[in-house]
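What follows is the residue order along each chain.
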Amino acid sequence: MNMDYVWGDVRALLPVTETEFPLLFSEMVEPSTLTILELARKELYSELESSACADSAQVIIDYSWEKINTGTWRDVEKEWRRVYSYGCLFKVVGMCHGDPSQAKLQEAIRTCDMGLLMGASILDNILQRLVGVLKNKVKQGVLSKVDSDQPYPKVKKLKKNCLPEPIINTKLSVPRVHRPALESFRLGFLLPEKPVILEGVIDHWPALREHHWSIDYLRAVAGCRTVPVELGSRYTDEDWSQKLLTVNEFIDHYIMGKGVDGMGYLAQHQLFDQVPELKEDIRIPDYCCLGEGDDDDIMINAWFGPEQTVSPLHQDPQQNFLAQVIGRKYIRLYNPEETENLYPHQSHLLSNTSQVDVENPDVVQFPDFLKASYQECVLQPGDILFIPKQHWHYIRSLELSFSVSFWWS
Ligand SMILES: O=C(O)CCC(=O)C(=O)O
């Protein structure tokens, strides 16, 4: 591989001259920080010093990292997230100068991802465009041949302490409708806020057809990307935590089960903003047009994990279409009117989450839970479940699973 080509392609994404490279921040960013940013920019445009900008970049990254990790995330100033992104950009450009090794290229992609996950968009989303260039320079592992009947041959099987397959009570099951017209969905389910499974709506998604989301495909498209993974059985547990891993590491350890006992879940992550190739494999359901916002207001999340991931009973403020691409999930739904019987946590942070373990309730501590009426279903690949806003939902994957949720209003 001609590595000058890496540098040439990276350089081509930057403004042509130093004077065309903007560094505009509000007064919140002190002059000393601005001085280092300007130094990094100068080094970047100096033929002899462009690799040195990685060192100045590290100072910027370390300093802004402190700022964005102080206090709660929602209160973090966007300006500091922008500074962090510039730090990542300078570091990546510095690393790509000369003859970067494969390890350096991987590190550069990881740095871009850190900027994308923790920073804010800069220079017309340059970090995303840089990943697009760098990904093509990284040698992918040789893909094993996929047997079309068995695309997940070696996935981890949990034997111990597994909950059994649920037996769905047909009287309680969520109704199924095949591709209803917009108006009948609106009148029959959206307005009365009734859950329903929509069949035949996502059959045309490339994710279910020509780009079938096998493990090998996900590795090829997103394997080198860094994503947040939830560690622990459920987010309400004391020992629950989050870790940044590449998709390949996540698959190796938590899907294939190499050397790790615990549970890992790539949950509620806006993977499709991070990996546009995957976004091309899905479509926003037409029914979202019945909402008030436009497509950009819809929050799309990925939920990828092994069998037995559990999302504890909780409610969300927006309408949800939960589309099932791979594997099956057991789902319980409770109307918001049942809230009192569901014992939400007292703390503000978890007040949208029930204290009850749905499939193994402590009826001494939570006696009224048994009074709450519910609906249930097993969501199959190709199904979309409409979860009306504020409806409580509990979800357990029955096998390796990939779902996509669309939150809309
Ligand atoms: O699939 C899951 O585990 C949880 C999905 C969920 O809670 C949601 O889409 O709001």
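See above for the structure.
Residues numbered from 1 in each chain as written. Predicted model: local features only at pLDDT ≥ 70, side-chain atom pairs only at ≥ 80, totals over all residues. Heavy atoms only, no water.

Engineer: Hey, could you run me through the overall build of the protein in this one?
Structural biologist: From N to C terminus, the protein includes 11 helices and 13 strands. Against the compact-globule benchmark of 22 Å for 409 residues, the protein has a radius of gyration of 24 Å, which places it among compact chains. Seen through its principal axes, the protein has C-alpha atoms that stretch 75 × 50 × 45 Å. When burial is assessed residue by residue, the protein has 51% of its 409 residues classed as buried. Restricting to contacts in the protein with at least 6 residues of sequence separation, those with at least 24 account for 78%. Here the protein contributes 40 positively and 58 negatively charged side chains, and the mean placements of these two sets differ by 5 Å. (Helix = DSSP H or I, 4+ residues; strand = E, 2+ residues; numbered from the N terminus. Rg over C-alpha atoms; globule rule 2.2 N^0.38 Å. Buried < 20%, exposed > 50% of the residue type's maximum accessible area, 1.4 Å probe, protein only. Contact = heavy atoms within 4.5 Å. Lys, Arg positive; Asp, Glu negative; His and termini not counted. Charge placed at Lys NZ, Arg CZ, Asp CG, Glu CD.)

Engineer: How should I be thinking about the sheet that holds strand S12 (residues 392–397) in this particular structure?
Structural biologist: Sheets are built from strands that pair by backbone hydrogen bonding, the pairs being arranged parallel or antiparallel. In spatial order, the strands read S7-S12-S9-S10; together these four strands make up an open sheet with antiparallel pairing. Lying at the two open borders of the sheet, with one neighbouring strand each, are strand S7 (310–314) and strand S10 (375–379). Across this sheet, the average inter-strand angle for adjacent strands is 15 degrees, counted without regard to direction. (Pairing = 2+ DSSP bridges. Axes fitted to C-alpha atoms, helices over the stretch in contact; angles between N-to-C directions.)

Engineer: It is not clear to me how helix H4 (residues 78–96) should be interpreted in this structure. Could you clarify?
Structural biologist: Because the α-helix completes a turn every 3.6 residues, residues three or four places apart line up on one side. Helix length check: H4 (19 residues) gives 27 Å between terminal C-alpha atoms against 27 Å at 1.5 Å per residue, within 8%. For H4, the buried fraction is high: 17 of the 19 residues fall into the buried class. Among the residues trailing H4, glycine 98 stands out with phi positive, at a value near 80 degrees. (Expected span 1.5 Å × (residues − 1).)

Engineer: Help me out: how do you make sense of helix H3 (residues 53–68) in this one?
Structural biologist: The end-to-end C-alpha separation of H3 is 22 Å, in line with the 22 Å expected for 16 residues at 1.5 Å each. Every buried residue of H3 is accounted for by Cys53, Ala54, Ser56, Ala57, Ile60, Ile61, Ser64 and Ile68. The buried residues of H3 occupy an angular sector of 150 degrees when the element is viewed end-on, so they sit on one face. In H3, those exposed residues whose orientation departs by more than 90 degrees from the buried face are Asp55 and Glu66. (Arc of directions from axis to C-beta.)

Engineer: How do you make sense of the state of the cysteines when you look at a structure like this?
Structural biologist: Each disulfide is one covalent bond, formed between the sulfur atoms of two cysteines. Taken as a whole, this structure holds zero disulfides when the rule is applied. Take cysteine 162: it sits in no disulfide, and the sulfur closest to it among the cysteines is that of cysteine 377, at 20 Å. (Disulfide = S-S within 2.5 Å.)

Engineer: In this structure, what is going on with the nonpolar core? I would like to understand it.
Structural biologist: Side chains of nonpolar character tend, in soluble globular proteins, to be buried together. The biggest cluster of nonpolar side chains holds 49 residues, and the ones touching the most others in it are Trp213, Leu278, Phe304, Phe321, Phe402 and Val404. Contacts of valine 404, omitting those with residues within four sequence positions, involve Trp205, Trp213, Phe272, Ile282, Ile300, Asn301, Phe321, Leu322, Ala323 and Val325. Core analysis: the second largest hydrophobic core is formed by 46 residues, Leu14, Tyr45, Phe90 and Val131 among them. (Core = buried A, V, L, I, M, F, W, Y, C linked by side-chain atoms within 4.5 Å.)

Engineer: So what exactly am I meant to see when it comes to the packing of H3 against H4 here?
Structural biologist: For any two helices packed against each other, one specifies the crossing angle of their axes together with the interaxial distance. Running from N to C, H3 and H4 cross one another at 155 degrees; their axes reach a closest spacing of 8 Å. Taken together, H3 and H4 sit at an angle that is classed as roughly antiparallel. H4 is crossed by H3, and the crossing has left-handed handedness. Of H4, the residues touching H3 (which contributes Cys53, Ala54, Ala57, Gln58, Ile60, Ile61, Tyr63, Ser64, Trp65, Lys67 and Ile68) are Trp80, Arg81, Val83, Tyr84, Gly87, Cys88, Phe90, Lys91 and Gly94. (Parallel < 35°, antiparallel > 145°, perpendicular 65-115°, else oblique. Left-handed = near helix turned anticlockwise from the far one by under 90°.)

Engineer: Hey, could you run me through the side chain of arginine 234 in this one?
Structural biologist: Within the fold, arginine 234 resides in the loop between strand S3 (226–231) and strand S4 (241–246). A distance of 3.2 Å separates the side chain of arginine 234 from the side chain of aspartate 357, its partner in a polar contact. Once you skip the residues sitting within four places of it in the chain, arginine 234 turns out to touch Trp240, Val310, Pro312 and Asp357. (Polar contact = N/O pair within 3.5 Å; in protein donor to acceptor, adjacent residues only side chain to side chain.)

Engineer: Help me understand the environment of alanine 103, please; the structure alone is not making it clear to me.
Structural biologist: Tracing the backbone through its elements, the reader meets alanine 103 in helix H5 (residues 102–118). Under the relative-accessibility criterion, alanine 103 is labelled exposed at 56%. Distance from alanine 103 to valine 138, taken between C-alpha atoms, is 8.9 Å for residues 35 residues apart in sequence.

Engineer: Which parts of the structure should I look at to understand the site of the ligand?
Structural biologist: Near the ligand you find Tyr265, Trp303, Ser311, His314, Asp316, Asn320, Leu322, Lys329, His393, Ile395, Ser405 and Trp407, and these make up its full shell. One of the side-chain N or O atoms of histidine 314 is found 3.0 Å from an oxygen atom in the ligand. Between an oxygen atom of the ligand and a side-chain N or O atom of tryptophan 407, the distance comes to 3.3 Å. In isolation the ligand exposes 290 Å². Once the protein is present, 100% of that is buried. If you list the elements that add at least two residues to the shell around the ligand, you get S7, strand S8 (319–326), S12 and strand S13 (401–408). Looking at the shell around the ligand residue by residue, the classes come out as five nonpolar, five polar and two charged. (Near = heavy atom within 4 Å. Areas by Shrake-Rupley, 256 points an atom, 1.4 Å probe, with all protein chains shown as cover. Nonpolar A, V, L, I, M, F, W, Y, C, P; charged D, E, K, R; others polar.)

Engineer: Looking at this structure, how should I read the pattern of salt bridges?
Structural biologist: Side chains that carry opposite charge are capable of pairing whenever their charged atoms lie near each other. Here the structure, examined in full by the defined rule, presents 16 salt bridges. Ionic pairing is found between arginine 219 and aspartate 252, a salt bridge with its closest N-O pair at 2.7 Å. Remark: aspartate 252 occurs in helix H9 (residues 247–255) and arginine 219 occurs in helix H8 (residues 215–222); sequence separation between them is 33 residues. Overall, arginine 219 belongs to the buried group, its relative accessible area being 17%. Shared partners join several salt bridges into a network, and the residues in it are Glu165, Arg328 and Glu399. (Salt bridge = Lys/Arg side-chain N within 4 Å of Asp/Glu carboxyl O.)

Engineer: Would you mind showing me how to read the pairing of S3 here?
Structural biologist: Within a regular beta strand, the side chains point alternately toward one face of the sheet and then the other, so they alternate between its two faces. With five of six residues buried, S3 lies mostly within the body of the structure. Here six bridges tie S3 to S4, and the two strands are oriented antiparallel to one another. Note on S4: the bridge partner recorded for leucine 231 is serine 241. In the sheet, S3 pairs with strand S5 (residues 264–269) via two bridges, with the strands oriented antiparallel. Along S5, the bridge assignment pairs glutamate 230 with tyrosine 265.

Engineer: Honestly, a negative patch on the surface in this entry has me stumped. Any pointers?
Structural biologist: A contiguous patch of negative charge, built from Asp294, Asp295, Asp296 and Asp297, is present on the exposed surface. Relative to the helices and strands, aspartate 296 resides in the loop between helix H11 (276–279) and strand S6 (299–305). Taking relative accessible area as the criterion, aspartate 296 reaches 73% and is therefore assigned exposed. (Patch = residues over 30% accessible without salt bridge, like charges linked within 9 Å, V, L, I, M, F, W, Y side chains within 5 Å.)

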